[in-house]
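Structural description and commentary
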Amino acid sequence: MRGIGTVINVFTIVGGTLVGLIVGRYISERIRLTVEQAVGMTTLVLGIATAAKTDNIVFPLVSVVLGGIIGELLRVEERFETLGNWVRRKVEVKTQTGWLSRSSLTTLHPRFVEGFVTASLLFVIGPLAILGSVSDGMSQGIDQLILKSSLDFFAAMAFASTLGWGVAASAIPVAIYQGFWTIIGLAAGSVLSQYQIDAMTICGGLMLVGISLRLLDIKRIPVANLLPALVIAPALATVLHLFK
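Residues numbered from 1 in each chain as written. Predicted model: local features only at pLDDT ≥ 70, side-chain atom pairs only at ≥ 80, totals over all residues. Heavy atoms only, no water.

**Thoughts on the overall build of the protein chain**
To be explicit about the condition: Comment: elements are numbered from the N terminus, with helices defined as DSSP H or I runs of at least four residues and strands as E runs of at least two. Per-residue accessibility, obtained with a 1.4 Å probe over protein chains only, is compared with the maximum for each type, and a residue is labelled buried under 20%, exposed over 50%, and partly exposed between these values. Residues are treated as being in contact if the distance between any of their heavy atoms lies within 4.5 Å. Residue burial considers only the protein chains on display, and all accessible areas are found by Shrake-Rupley using a 1.4 Å probe.
From N to C terminus, the protein chain includes twelve helices and zero strands. Along the chain direction, N to C, the helices and strands of the protein chain fall in the order α-α-α-α-α-α-α-α-α-α-α-α. Relative to its full complement of 244 residues, the protein chain shows a buried share of 47%. Long-range pairs, those at least 24 residues apart, make up 83% of the contacts in the protein chain between residues at least 6 apart in sequence. Summed over all atoms, the accessible surface of the protein chain reaches about 12,500 Å², with 68% contributed by carbon and sulfur.

Printed below as a string of structure tokens:
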């Protein structure tokens, strides 16, 4: 069934969050910090490795700069945080029905928005999200999304132990984003050329570096404002390709 890969991915994110929350209750703050730093370092290495695939740093630089300008004008990061707060308010309503006590909500959600934004960016950005979803839509298998789901499960487990329930809420943008690419693959077949996917992947790698700097508490970069670069990059790559 087309789209099953994204469904599996959503469940692994939620499942990883649940495991992280259960285990996280018995982990000291020092261990939680170590886990978050380990995830941050891994994200940094992955981002650098992905971004290093280019032999022309000017191209991704222009894409990210233009994307950042557009993102700032559109206030993407602010809108992301607004969405996170909206989801948090919806969760808080559940406390009135006994789904969670208010005290446990305070314990589990002190960094809800940060968990939502950080996990959403990490789980959405990357070549597997695009390639896997398009492949799923074209009925060419879900192997890539299964791999991504495995990675996301352990990442969600690590994030949830420090960032709380907001990590589970990141399954929403993941479902929307990957669902979009699955529909593209279903309707139009192979929509993106390899060089266009490579352009998006490289910019995504740079954004992963930005996320890692936030996780390592080095610099709080508004990475969400850079997201328009994922649209600009393949567009610029297409223009350059036409003039070759």
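From this point, things continue past the structure.
**With respect to unusual backbone geometry**
The phi dihedral of Arg 75 is positive, around 55°, even though this residue is not glycine. If you trace the backbone, Arg 75 turns up in the loop between helix H3 (58-74) and helix H4 (76-93).

**Concerning a nonpolar patch on the surface**
Put simply, the rule reads: Candidate patch residues must exceed 30% relative accessible area and have no salt bridge, after which like charges are joined if within 9 Å and Val, Leu, Ile, Met, Phe, Trp or Tyr side chains if within 5 Å. Within this document, salt bridges are pairs made up of a side-chain nitrogen of Lys or Arg and a carboxyl oxygen of Asp or Glu, the two lying within 4 Å of each other.
On the surface, Ile 57, Val 58, Leu 61, Val 62, Val 65, Leu 66, Ile 69 and Leu 73 cluster together into a nonpolar patch covering about 740 Å² of accessible area. In this structure, Val 65 sits in helix H3.

**Observations concerning the layout of surface pockets**
Unoccupied space between atoms shows up once a probe the size of one water molecule is rolled over them. Using the following cut-off: For each structure, a 1 Å grid was placed over the protein atoms alone; sets of points admitting a 1.4 Å probe that cannot get out are labelled cavities, open sets with protein on both sides within 12 Å along at least five of seven lines are labelled pockets, and lining residues have an atom within 4 Å of a point. Grid points are joined across faces, edges and corners, and a volume is the space filled by probe spheres set on the points. Charged residues are taken to be Asp, Glu, Lys and Arg, nonpolar residues to be Ala, Val, Leu, Ile, Met, Phe, Trp, Tyr, Cys and Pro, and polar residues to be all remaining types, Gly included.
Reported here for the largest pocket is a volume of approximately 490 Å³. Forming the walls of the largest pocket are 21 residues, and the residues nearest its centre are Leu 46, Leu 122, Leu 151, Asp 152 and Leu 208. When residues of the lining of the largest pocket are traced back to their parent elements, those giving at least two are helix H2 (29-51), helix H6 (112-124), helix H7 (127-137) and helix H8 (143-163). Residue composition of the lining of the largest pocket, by class: 14 nonpolar, four polar and three charged.

**A word on the side chain of Gln 178**
Which entries qualify depends on this criterion: Here a polar contact means two N or O atoms within 3.5 Å. Within protein one must be a hydrogen donor candidate and the other an acceptor candidate, and residues neighboring in sequence count only if both atoms are side-chain atoms.
Here Gln 178 is to be found in helix H10 (residues 171-188). Of note is the side chain of Gln 178, whose polar atom sits 2.9 Å from the side chain of Lys 148. Those residues in contact with Gln 178 that lie beyond four places of it in its chain are Thr 6, Asn 9, Phe 123, Ala 129, Ser 133, Leu 145 and Lys 148.

**Observations regarding the environment of Ala 52**
Positionally, Ala 52 belongs in the loop between H2 and H3. For Ala 52, a relative accessible area of 54% gives the class exposed. Counting along the chain gives 153 residues from Ala 52 to Gly 205, while the straight-line C-alpha distance between them is 8.2 Å.

**Examining H3**
Inclusion rule: A helix is expected to span 1.5 Å multiplied by its residue count minus one.
The terminal C-alpha atoms of H3, which comprises 17 residues, lie 24 Å apart, in line with the 24 Å expected from a rise of 1.5 Å per residue. Directly beyond the C-terminal end of H3, a positive phi value near 55° is found at Arg 75.

**Regarding the confidence of the model for the protein chain**
Selection criterion: On a range of 0 to 100, pLDDT expresses the predictor's confidence in each residue.
Residue-level pLDDT values for the protein chain average 80, and 86% of them are 70 or greater. The spread of mean pLDDT over the elements of the protein chain runs between helix H5 (residues 102-108), the lowest at 48, and H3, the highest at 91. Across residues 102-106, confidence stays below pLDDT 50; counting only partners more than four residues off in sequence or on other chains, it has five contacts.

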